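# A look at the structure
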Amino acid sequence: MSDLGDLYQEMILDHSKRPRNEGRLDAPTHQADGNNPLCGDKLTVFLEVDGGTVKDVRFEGSGCAISTSSASLMTEAVKGKPIAEAEATFEKFVNLLTQKEDVDPADLGKLAVFAGVSEFPTRVKCATLSWHTLHAALGKNQDPVSTE
Ligand code: ZN
């Protein structure tokens, strides 16, 4: 189990040091801002949605290793996916971390690396920030997201 823990930590570290899909989109169809004042994580999610599919996704911001790596993995998870699938993954991910519902981590693929974060409620907000912001962007919610 500790080997598995190391592997997870390595993936989180890798994505926090070399975030994927970081930056802005030239002409986003959707975007939203997210803020986690407890930790100081801030980010903006940009989407290009076409025909019900997330064609492209980027994020920009600053935050801790958990929030940055989660945003990076979020972009990989939803890029090219139908909106319905992105929303379903959002719900599963949040449920996995908040433990409001039983979720099989295997359903979440790589995102399961964050399962251990559920033991640390303050870090849950770091890990779910990018997903709540994605959800707000998809819903064209203009109010900035705050995890407070
Ligand atoms: Zn954080």
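### Quick notes on the coordination of the zinc ion
Cys39 (SG), Asp41 (OD), Asp41 (OD), Cys64 (SG) and Cys126 (SG) make up the full set of protein donors to the zinc ion, lying at 2.2 to 2.7 Å. Written as a sequence motif, the donor residues of the zinc ion are C-x1-D-x22-C-x61-C. Placement of the pair is Asp41 in strand β2 (residues 41-50) and Cys126 in helix α4 (residues 121-138), with a sequence separation of 85 residues. Like Cys126, Asp41 is buried.

### With respect to the sheet that holds β2
Sheet architecture is open: 4 strands sit in the order β3-β2-β1-β4, paired in mixed fashion. The open sheet terminates on both sides in strands that have one partner only, identified here as β3 (53-62) and β4 (145-146). Strand contacts of helix α2 (residues 65-78): β2 and β3, with the helix running at about 170° to β3, the strand carrying the most contacts.

### A short note on the pairing of strand β1 (residues 30-36)
Residues His30, Ala32, Gly34 and Asn36 of β1 are buried on one face, while the alternating residues Gln31, Asp33 and Asn35, pointing to the opposite face, are not. Sheet analysis places β1 next to β2, joined by 7 bridges and oriented antiparallel. Among the inter-strand pairings, Asp33 is bridged to a residue of β2, identified as Thr44. Turn length for the β1-β2 hairpin, with the two strands adjacent in sequence and antiparallel, is 4 residues, and the turn residue Gly40 shows positive phi of about 95°.

### Brief notes about unusual backbone geometry
Notably, Asn21 is not glycine yet its phi reads approximately 60°, a positive angle. If you trace the backbone, Asn21 turns up in the loop between α1 (2-17) and β1.

### Here we look at the environment of Asp41
When its relative accessible area of 1% is taken as the criterion, Asp41 is described as buried. Once residues within four sequence positions are removed from consideration, Asp41 is found in contact with Gly34, Asn35, Asn36, Ser62, Gly63, Cys64, Ser67, Cys126 and Leu129. Within the local environment of Asp41, its side chain forms a polar contact with the side chain of Ser67, the two groups lying 3.3 Å apart.

Here is what the cut-offs are and how they apply
Residues numbered from 1 in each chain as written. Predicted model: local features only at pLDDT ≥ 70, side-chain atom pairs only at ≥ 80, totals over all residues. Heavy atoms only, no water. Donors = N, O, S within 2.8 Å, 3.2 Å for Na, K, Ca; no water. Helix = DSSP H or I, 4+ residues; strand = E, 2+ residues; numbered from the N terminus. Buried < 20%, exposed > 50% of the residue type's maximum accessible area, 1.4 Å probe, protein only. Pairing = 2+ DSSP bridges. Contact = heavy atoms within 4.5 Å. Axes fitted to C-alpha atoms, helices over the stretch in contact; angles between N-to-C directions. Polar contact = N/O pair within 3.5 Å; in protein donor to acceptor, adjacent residues only side chain to side chain.

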